[in-house]
Amino acid sequence: MATDNRIHFWRRNPKVPGSLQPVYGAQHPPLDPRRHRLLKDAPKVSSVNTKSKKPSTFHEFARSTNDAWDIDDEEDDSVFSLKQLSSSPVQSQYMPQTPRLKIIKTPEDTEPLPPSLDRQEPISTNPSQERLDIERGPANGRVVKSSSDAQLNVNAARNTLQKQQSLPVRPIIPLVARISDQNASGAPLMMVREKTRLDKFKQLLASPNTDLEELRKHSWSGIPREVRPVTWRLLSGYLPANRERRDLVLQRKREEYFGFIEQYYHSRTDENHRDTYRQVNLNPRYCLVFQVFERILFIWAIRHPASGYVQGINDLVTPFFVVFLSEFVEEDVENFEMASLPLDTQRNIEADSFWCMSKLLDGIQDNYTFAQPGIQIKVKALEELVSRIDEDVHVHFQKCEVEYLQFAFRWMNNLLMRELPLRCTIRLWDTYQAESEGFSHFHLYVCSAFLIKWRKEILSMVDFQSLLMLLQNLPTIHWGNEEVGLLLAEAYRLKYMFADAPSHYKR
Amino acid sequence: MSGGAELGFTEHLFKVLVIGDHKVGKTSFVKRYVKNQFYEELKTTIGVDFSMKVIDWDSHTRVRLQLWDIAGQERLRGLNRVFFKRSSGALVVYDMTNGSTLDGALNWKHELDSQVMLKNGRPIPAVLLANKCDETKVCRRNASLLEKLCQEKGFIGWFQTSAKENINVDEAAKFLVKHILQNNEESVKEEEQNMQINLKQQSKSNSTCC
């Protein structure tokens, strides 16, 4: 692995239960899956038996995703805020935190989005395709065609044609307003700067072979809204840098995802998948978005039996979903209804969210395997790092008997999503996807910077209770790009200081 | 975990765990108890959530309850060692509409007893909560089963509760606090006795000295 020769600050403490698995994703450049296929395949034994897993239910998932943007502030007019239509009697009860995605109500008996009828034959793998190590579940013996080598040649000829025919015309509505930083709107100089930035992105994206290094460099300090969806697809390793291949890859991956749905989803009530499904199932099913999330999580869970469904994973779908949705939504999302999008568009958003979430999770898989060793290691590392960079805070915690695990578990498990408004998470992920090992490694430094950001408040709290209350309800509700930018700058400084010389700075 | 007395007024601080399987309504219970509110939509608890409840128990006693609402997902049980220590009592919750969560509750109780105990070696007081009782009814057979389970597994009692309809929430908590206070009194007495014994021994040794 490319990163093995580096000393990882947070991997030095072995005193946590569970096995430590190599991190082979969430890094840049994204690892070539072909080279790492063996490594990847190893833990994925041929069984899809997830019986022993106890993922949480989808009902909970729905709840937690609802709260992923638990903002009550009216002035939050971000395109990313979602408003949910409280669409069923069940929902009409008091809801403390109104999610803002307006979700169209579907009849309760609506079956999950069926694969579209006019769908073409799945396009076969092209030779350079990432091999998808699908476990052929005992579900029904049907095989996802796109992994089949036999189809290769047949479909190769069709590819060109399909490329022209089958991709829907995507009604891209440019987000004209507020391309600038939300904190700097109205400042003409900033507008100009943002415009230049946007042009740079457009230029990079339009070139026949996007220079990913360059794209990362520019993305680090935030990606303009219009180009965020395609930039995220590129940075996550989902889209190829080669512009010509993009449409084809997109189409193939989307077909592939819906191939999984076809292959597995009907088996959700089978004996061997029932447990998994029960955990991701939303009952009663009353809206499109929940059905989308349910499918994504179910498919991910049965394809990753080592972790299955873990609380928190559901949160991680949201930023992708919202960003990919934003391509089709104008400023006013209050009145936006997902069902008003063409079916193909809905499907594309779903498939892209699935793949990008999968790419992300590949890199932080040890966060979610049994006993969650990745999280425990990271919390330990946070403690160690804070003890070095801010002894006052560290000692104060000790004095009040606050343990880092009590508040930072969630920071690691949900990548700070519970601590920040969704718009900030999205901005944060611009950088995480631009930074080498952003989700798996750089996040530690962001958490440290985040903690120290509140040092004054922390030191003013005199006992365990008040400290924990503060730490579990940090007042970030009005945060925007500026605050996240400062946080990231501080995190970068910390990383620079400590990442490669941990012993030198050891107390 | 109790505060000092001042002019006969005592303030106590107790750590109370709220444990049980995933999705049985622990957080809803706590929110109802602390804020007297019920939320249809709640975040899944990740790790542990903290709340405080202050109870003016009587004219000379105030109790501060530090409620530790612990995530129910199984794979995190390794963390319980960290979260359980120095707790004074526990509410062990199961979902009446999901039978397997009762087995889960018994496992949680077992784990609780293996991790914490009172100074005198007895288990810390734990109440079994049959939550979501608004959605179903306890039949008589179930009631006697629960009664039996409580005796076998060392719960101090059980309650049918509904966080949604605010049924037995305060009552169950009060019942637990009463036992915690009793235990506390007993341990204070035991300590006093020990001190007296020590004093006697000391005065004896002093007297022989003089």
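As annotated in an unreviewed UniProt entry, chain B is Ras-related protein Rab from Cyprinus carpio. One UniProt comment on chain B, placed under Sequence similarities (unreviewed entry), says "Belongs to the small GTPase superfamily. Rab family." One UniProt comment on chain B, placed under Function (unreviewed entry), says "The small GTPases Rab are key regulators in vesicle trafficking."

Per an unreviewed UniProt entry, chain A is named TBC1 domain family, member 22B, and its organism is Cyprinus carpio. What UniProt states about chain A under its Function (unreviewed entry) heading is, verbatim, "May act as a GTPase-activating protein for Rab family protein(s)."

### Considerations on the overall build of chain B
Regarding its fold elements, chain B presents five helices and seven strands. Element order for chain B, N to C, with α for helix and β for strand: β-β-α-β-β-α-β-α-β-α-β-α. Considering chain B as a whole, with its 210 residues, one finds that 51% of them fall into the buried category. Taking contacts inside chain B between residues at least 6 apart in sequence as the whole, the part at least 24 apart equals 69%.

### Details of the pairing of strand 3 (residues 48–58) of chain B
All names here are of chain B. With ten bridges connecting them, strand 3 and strand 4 (residues 61–70) associate as antiparallel partners. Along strand 4, the bridge assignment pairs Lys 53 with Leu 65. Connecting strand 3 to the next strand, strand 4, in antiparallel fashion are two residues.

### Examining unusual backbone geometry
All names here are of chain A. One non-glycine residue, Glu 437, lies in the positive phi region at around 50°. Residue placement: Glu 437 occurs in the loop between helix 15 (422–434) and helix 16 (438–453). Judged by its relative accessible area of 1%, Glu 437 falls in the buried class.

Parameters and conventions
- Residues numbered from 1 in each chain as written.
- Chains lettered and ligands numbered in written order.
- Predicted model: local features only at pLDDT ≥ 70, side-chain atom pairs only at ≥ 80, totals over all residues.
- Heavy atoms only, no water.
- UniProt positions renumbered as here; feature names shortened; annotations may be inferred.
- Helix = DSSP H or I, 4+ residues; strand = E, 2+ residues; numbered from the N terminus.
- Buried < 20%, exposed > 50% of the residue type's maximum accessible area, 1.4 Å probe, protein only.
- Contact = heavy atoms within 4.5 Å.
- Pairing = 2+ DSSP bridges.

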